[in-house]
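Residues per chain, in single letters:
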Amino acid sequence: MKTKPFFKLLALVLLALTGCKKANIDVDTTTVDGSAIGEVSGVWAKGSTQVIKGDIVIPEGKTLTIEEGVTVLMDTVAKPEIIIKGNLYALGTTENPIKFTVNEFYKTPSKKFGKLWGGILAGPTCEELVLDHVILEYGGSTTSDASTSVKMGLYKAKAGENLPALWFANANGKLVVQNSIFRNLQEDCTYIEGGKIIFANNVFYTTGVTGGEAMNFKSGCLADIAYNLVYSTNTNALKLSNTGDKTPQTYIIAYNNTMVNTGWRRPTAKGGSVWLESTVRADLYNNLFANTRFGVKRDPKKPEDSRSAYSNNWYYGFDQTTVNQFQPTGDIVGGKNDVISNVAGANDPKFVNYPLNTAVTNPDFNTAWDFHLQGNSPALGKGITNFTRHHQAGIIMKNGITYISPSPSTFVGAYGTKI
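Remember, it's a predicted structure, so these values are computed and weren't measured experimentally. Every chain's residues receive numbers from 1 upward, in the order its sequence appears when written. A pLDDT threshold of at least 70 governs which residues receive local features in this predicted model, and a stricter bar of 80 or more applies before side-chain atom pairs are shown or counted, although totals over entire chains, interfaces and linings include all residues. Values shown for side chains rest on all heavy atoms present in the structure; no hydrogens or waters enter the calculation.

1. A few points about the overall build of the protein
Inference 1: Only DSSP runs of H or I reaching four residues or more are called helices, and only runs of E reaching two or more are called strands; each is numbered from the N terminus. Helix and strand counts for the protein come out as 3 helices and 35 strands.
Inference 2: Using C-alpha atoms as the atom set, the radius of gyration is obtained and then compared with a globule rule of 2.2 Å times the number of residues to the power 0.38. Taken over C-alpha atoms, the radius of gyration comes to 22 Å for the protein, in line with the 22 Å a tight globule of 419 residues would show.
Inference 3: For every residue, the accessible area obtained with a 1.4 Å probe (protein chains only) is divided by the maximum for its type, and the residue is called buried under 20%, exposed over 50%, and partly exposed between those limits. In the protein, which comprises 419 residues, the proportion classed as buried is 56%.
Inference 4: Working rule for contacts: check all heavy atoms of both residues, and any pair within 4.5 Å makes them a contact. At a minimum sequence separation of 6, the contacts of the protein that also span at least 24 residues come to 68%.
Inference 5: Using a 1.4 Å probe, the Shrake-Rupley method yields the accessible areas, and only the shown protein chains count as cover for residues. Summing over all exposed atoms, the protein offers an accessible surface of approximately 16800 Å²; the carbon and sulfur share of this is 54%.

2. Examining the side chain of Asp224
Inference 1: Assignment of secondary structure puts Asp224 in strand 20 (residues 221-226).
Inference 2: For the charge count, each Lys or Arg is scored as positive and each Asp or Glu as negative, with His and the chain ends excluded. The term salt bridge refers to a pairing of a side-chain nitrogen on Lys or Arg with a carboxyl oxygen on Asp or Glu at a separation within 4 Å. Arg389 provides the closest opposite charge to the buried, salt-bridge-free Asp224, at an N-O distance of 5.3 Å.
Inference 3: Residue contacts for Asp224: discarding those within four places in its chain leaves Ile197, Ile198, Phe199, Ile253, Arg389, His390, His391, Gln392 and Ser405.

3. Describing the pairing of strand 8 (residues 87-91)
Where a strand is regular, its side chains alternate between the two sheet faces.
Inference 1: The buried fraction of strand 8 is high, at 4 of 5 residues.
Inference 2: Two strands are counted as paired when DSSP detects at least two bridges linking them. Inspection of the sheet shows strand 8 paired to strand 11 (residues 128-132) by 4 bridges, in the parallel sense. Of the residues in strand 11, the one forming a bridge with Ala90 is Leu131.

4. Thoughts on the environment of Tyr354
Inference 1: With respect to the helices and strands, the residue Tyr354 is situated in the loop between strand 32 (351-353) and strand 33 (370-373).
Inference 2: Through-space distance from the C-alpha of Tyr354 to that of Asp370 is 6.3 Å; in sequence the pair is 16 residues apart.
Inference 3: Non-local contacts of Tyr354, meaning those with residues more than four positions away in its chain, are made with Tyr231, Val260, Asn261, Trp369, Asp370 and Phe371.
Inference 4: Side-chain polar atoms of Tyr354 contact the side chain of Asn261, separated by 3.4 Å. N or O atoms closer than or at 3.5 Å make up a polar contact, with two conditions inside protein: a donor-capable atom paired with an acceptor-capable one, and, for residues adjacent in sequence, both atoms drawn from side chains.

5. A few points about the sheet that holds strand 26 (residues 281-285)
Inference 1: Judged by pairing direction, the sheet is parallel, and its 11 strands sit side by side in the order 1-3-5-8-11-14-17-20-23-26-29 without closing on themselves. Because the sheet does not close on itself, it has two edges, and the strands there are strand 1 (30-31) and strand 29 (309-311).
Inference 2: Judged from the 5 bridges that link them, strand 14 (residues 174-178) and strand 17 (residues 195-200) form a sheet pairing that is parallel. Opposite Leu175, over in strand 17, you have Ile197 as the bridge partner.

6. Regarding the pattern of salt bridges
Inference 1: According to the stated counting rule, one finds 12 salt bridges in the structure shown.
Inference 2: For the salt bridge of Asp364 with Lys112, the shortest nitrogen-to-oxygen distance reads 3.2 Å. Of this pair, Asp364 sits in the loop between strand 32 and strand 33 while Lys112 is found in the loop between strand 9 (98-101) and strand 10 (120-122), placing the two residues 252 residues apart along the sequence.
Inference 3: In this structure, Lys297 and Asp331 form a salt bridge, with 3.1 Å as the shortest nitrogen-oxygen distance. Taken together, the residues Lys297 in strand 28 (residues 296-298) and Asp331 in the loop between helix 3 (320-325) and strand 31 (332-333) connect sequence positions 34 residues apart.
Inference 4: Using a relative accessible area of 9% as the deciding quantity, one classes Lys297 as buried.
Inference 5: Sharing partners across several salt bridges, the network here consists of Glu104, Lys107, Glu137 and Arg183.

7. Description of the environment of Ala237
Inference 1: Positionally, Ala237 belongs in the loop between strand 21 (229-231) and strand 22 (238-241).
Inference 2: The spacing of Ala237 and Cys189 is 48 residues in sequence and 9.8 Å in space, taken between C-alpha atoms.
Inference 3: In contact with Ala237, not counting residues within four places along its chain, are Ala214, Met215, Val230, Met259, Thr262, Gly272 and Ser273.

As structure tokens, this is what we get:
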């Protein structure tokens, strides 16, 4: 009888050890519903739920593939970071996107700018990263001395930094982000430091409290940016910079994007729509600016490469204040064949369903809005297609999939008419 407590204790120890083994998914196997902490690789199976209870790391030389319909549920107490030293392929579909999220209980109005978990942080040894049909939401927590990213010297490598939803830092790497949604985030949606890159057909909204861009590019980037909708970022839709010491010089080709109400919630010099600095080379075509703060703005102290090109962009302002501040002059850039008026209400792009008098400081996105163009929109047929993209021949990944930057369209903005 005296031995019973011993056997009970032994059983508890064995159960705890079993739980630890389950939590550290570090083998190349297909994992159905489970929990994870520590090193992970292999496959997270279609439709499964993965509960992330602490920081996870994809080791160098290993790969994690996430199949369609997977929910990656982040613990809001641990506020995990996803560290990628190897490769990550998150391959969702229209019907079954992959979600990096938190429990529905925490999705309250007071938490609409996230900060409930860290972010996806891909270091210099990450060769390939794909996010296709992915929803990233409620991230952007603040680093501490105990953060894995700080200990590993990743991102800004110090405590007190609000993390981006996505950081990528390999000038020789490959990054594809398409058909995805970034929302309810504390600061930057993305912070990219190098690579061959495609950002296409994404949506960004309800992001940024005191700063934060939708797409923030530093040195070493060769990127095609197309068919993205950016709504009411605190700061810029696109921050394009050659800051850093990486090769090659950053060269961004951004075309057929729609930007709405961007920049107004950070009323400083950098708040706007597209910010150019530090000898970045940028070609901007067929972009639609609706009620944005500024349009294309340069840093006069660190101007862009003189080979940069701007053409066939479209500007609309509901009131005179908006119209006045995106007139090309000084550090406000104007392009060839841009459609820009000095009269409030001119050049209405005729969205299918969006009230153009929506307050420019409103961060909340209505998913019923439709930014396609009506059949009588004057923005139809005003775009050009006779320019070369970086990756029109495709970016070939090790998993056998080739990603091609989409062809430009003759309409202006991210969406033409509905089919």
